[in-house]
Amino acid sequence: MLEISGLKACYEDVVAIHHLDLTIEKGEIVCLLGPSGCGKSTLLRVVAGLEKAAAGVVSWDDEDLARVRVHSRGFGLMFQDYALFPHRTVEANIAFGLEMHRRPKPEIAARVSEVMAIVGLEGYGDRTIGQLSGGQQQRVALARAIAPSPKLLMFDEPLGALDRNMRERLVIELHDILTTLGTTALYVTHDQEEAFALADRVVLMRDGRIEQMGSPAELWARPRTRFAAEFLGFRNIIDVQTAKECGWPVPEGETDAVVYRPDGFEESETGAFKGVVVSRTYRGDHFVVRISPTDPAPDLLIHVRWQPVPELGQELRLTIDAESVIPVVGNAE
Ligand code: ADP
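Residues numbered from 1 in each chain as written. Predicted model: local features only at pLDDT ≥ 70, side-chain atom pairs only at ≥ 80, totals over all residues. Heavy atoms only, no water.

Caption draft 1: Fine view of the overall build of the protein. Scanning the protein from terminus to terminus reveals nine helices and 18 strands. The principal-axis extents of the C-alpha atoms in the protein amount to approximately 75 × 45 × 30 Å. By residue count, 47% of the 333 residues in the protein fall in the buried class. Counted over contacts in the protein with a minimum sequence separation of 6, partners at least 24 positions apart contribute 66%. Surface exposure of the protein reaches about 16,800 Å², of which carbon and sulfur atoms provide 48%. (Helix = DSSP H or I, 4+ residues; strand = E, 2+ residues; numbered from the N terminus. Buried < 20%, exposed > 50% of the residue type's maximum accessible area, 1.4 Å probe, protein only. Contact = heavy atoms within 4.5 Å. Areas by Shrake-Rupley, 256 points an atom, 1.4 Å probe, with all protein chains shown as cover.)

Caption draft 2: Examining the site of the ligand more closely. With respect to spatial proximity, the complete set of residues near the ligand consists of Tyr-11, Val-14, Ala-16, Pro-35, Ser-36, Gly-37, Cys-38, Gly-39, Lys-40, Ser-41 and Thr-42. One of the backbone nitrogen or oxygen atoms of Gly-37 is found 2.7 Å away from an oxygen atom of the ligand. At 3.0 Å from an oxygen atom of the ligand is found a main-chain nitrogen or oxygen belonging to Gly-39. If the ligand stood free it would expose 560 Å²; the protein chains cover 58% of that surface. Looking at the shell around the ligand, the elements with two or more residues in it are β2 (14–24) and α1 (40–48). (Near = heavy atom within 4 Å. Polar contact = N/O pair within 3.5 Å; in protein donor to acceptor, adjacent residues only side chain to side chain.)

Caption draft 3: Seen up close, the environment of Lys-40. You can see Lys-40 is positioned in helix α1. Among the residues examined, Lys-40 registers a relative accessible area of 6% and is labelled buried. The spacing of Lys-40 and Ile-17 is 23 residues in sequence and 8.8 Å in space, taken between C-alpha atoms. If sequence neighbours within four positions are ignored, Lys-40 has contacts with Leu-32, Leu-33, Gly-34, Pro-35, Glu-157, Val-188, Thr-189, His-190 and Met-205. Engagement of the side chain of Lys-40 in a polar contact is seen with the backbone oxygen of Pro-35, the distance being 3.1 Å.

Caption draft 4: Examining the pattern of salt bridges more closely. Within this structure, the stated rule accounts for 17 salt bridges. Taking the shortest distance from any N to any O, the salt bridge between Lys-26 and Asp-61 comes out at 2.8 Å. In this pair, Lys-26 sits in the loop between β2 and β3 (29–33) while Asp-61 sits in the loop between β4 (55–60) and β5 (63–64), placing the two residues 35 residues apart along the sequence. Residue Asp-61 is classed as partly exposed on the basis of its relative accessible area of 40%. The partner of Asp-191 in a salt bridge is Arg-164, with the nearest N and O atoms 2.8 Å apart. With Asp-191 in the loop between β8 (184–189) and α6 (192–198) and Arg-164 in helix α5 (residues 164–181), this pair connects stretches of sequence that are 27 residues apart. A single network of salt bridges, built from pairs that share partners, joins Arg-164, Arg-167, Glu-168, Asp-191, Glu-193 and Glu-194. (Salt bridge = Lys/Arg side-chain N within 4 Å of Asp/Glu carboxyl O.)

Caption draft 5: Region of interest: the sheet that holds strand β18 (residues 325–328). In spatial order, the strands read β11-β12-β18; together these three strands make up an open sheet with antiparallel pairing. Two strands in the sheet have a free side with no partner beyond their single neighbour: β11 (237–239) and β18. Averaged over all adjacent pairs, the angle separating strand axes in this sheet is 30°, with direction ignored. Of the strand pairs in this sheet, strand β12 (residues 257–260) and β18 are connected by four bridges, and their pairing is antiparallel. The residue of β18 that forms the bridge with Val-259 is Ile-326. (Pairing = 2+ DSSP bridges. Axes fitted to C-alpha atoms, helices over the stretch in contact; angles between N-to-C directions.)

Caption draft 6: Representation of the nonpolar core. One finds Val-90, Ile-94, Val-140, Leu-142, Phe-155 and Tyr-187 to be the most contacted residues of the largest nonpolar core, which totals 52 residues. A total of six residues in this core trace back to one element, the largest contributor, which is helix α4 (residues 134–146). When we break this core down by domain, the ones giving at least three residues each are domain 1 (2–230) and domain 2 (233–319). Here Val-90 is in contact with Met-116, Leu-121, Tyr-124, Gly-125, Arg-127, Ile-129, Leu-132 and Val-140, once residues within four sequence places are set aside. The next biggest cluster of nonpolar side chains, apart from the first, holds 27 residues, and it includes Leu-2, Leu-7, Leu-20 and Val-47. (Core = buried A, V, L, I, M, F, W, Y, C linked by side-chain atoms within 4.5 Å. Domains from an automatic or database assignment.)

Caption draft 7: Looking closely at the sheet that holds strand β1 (residues 2–11). Read across the open sheet, the four strands follow the order β2-β1-β4-β5; overall the sheet is antiparallel. On the outer flanks of this sheet lie β2 and β5, each paired with one strand and no other. For β1 and β2, the ladder comprises seven bridges, and the chain directions are antiparallel. Opposite Leu-2, over in β2, you have Ile-24 as the bridge partner.

Caption draft 8: Seen up close, the packing of helix α2 (residues 90–100) against helix α3 (residues 105–118). Packing of α2 against α3 brings their axes to within 9 Å, and their N-to-C directions diverge by 120°. Relative to α3, α2 is oriented oblique. Taken as a pair, α2 and α3 cross one another with a handedness that is right-handed. Residues Val-90, Glu-91, Ile-94, Ala-95, Leu-98 and Glu-99 of α2 lie in contact with α3, whose contacting residues are Ile-108, Arg-111, Val-112, Val-115 and Met-116. When grouped by side-chain class, the residues that make up the contact of α2 with α3 number eight nonpolar, no polar and three charged. (Parallel < 35°, antiparallel > 145°, perpendicular 65-115°, else oblique. Left-handed = near helix turned anticlockwise from the far one by under 90°. Nonpolar A, V, L, I, M, F, W, Y, C, P; charged D, E, K, R; others polar.)

Caption draft 9: Spatial organisation of the state of the cysteines. Under the counting rule described, the total for this entry stands at zero disulfides. In this structure Cys-38 is a free cysteine whose sulfur lies 13 Å from that of Cys-31, the closest cysteine sulfur available. Taking relative accessible area as the criterion, Cys-38 reaches 2% and is therefore assigned buried. (Disulfide = S-S within 2.5 Å.)

Below, the structure written as structure tokens:
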């Protein structure tokens, strides 16, 4: 188990991590998610031993790692530039880490073919890296990282250089591979879809602190702050004052803004939301419809799965189910 407690990390006068606590259980896949500059890479680099902590403790199974060197930690790292040897073969690249650990040759050969099968590279062993596509190179880098069976495998935006289609495929494969192997993983990304597809637990970071963490389903069901809702791509985030003035439902208790989930609306003659359809976009199994309420209320996006789909210019009256009304704290930036 990885335990981070009271961690602070600085670059001269920049504080990149402020007093952060995080525990990762064995076999868990944790994604650090957040905008550029929020401290994700720094956190990962401190765990790897590439940066020093200014305060706090990082430990593995109760052993303080402060004095354990990078290569003695038994952790694996995979970055966006895969740092493969371009002129060497796939096999030689995958064997690299095992050779560093001075494993016997027959053991290395067996492990290399085992991991090639795991990542779907059978038959490619003799090719050089230069003869592979970006996606295949990514698999080689993954095979090399998992070959020594690291206690913890860390990834820093490993798919950033690939196109979205390829990323979506690889992230699902990666999830299956890590889960099958039972690998403990810490994965850095600024892409929420990637984090949600991969993680058992998502740690959303902001300015060197944890903003919110939970399973993808928990975060999706209940973003607690305006920042979390915005970063996760929620729409219809309305200040409480405005919502009240519009006569829209506002949950009890302390809240600065309200999120109205686009999926929660339905037509109702007595509904509190009134507006005119100003655009509609087809999205496969539903339409995204923008309604413009009477001034000064803000526009709302709603997902329409019912028939007939409202026409442009049509007046709508809508209600929303209580579960789709989410209170969030924090003000707009
Ligand atoms: P992220 O990975 O979320 O993009 P980083 O961990 O790279 O964020 O950066 C966190 C903060 O530390 C940022 O303010 C960044 O500018 C600063 N920082 C990162 N690396 C360095 C460095 N080598 N020297 C000085 N400041 C740095």
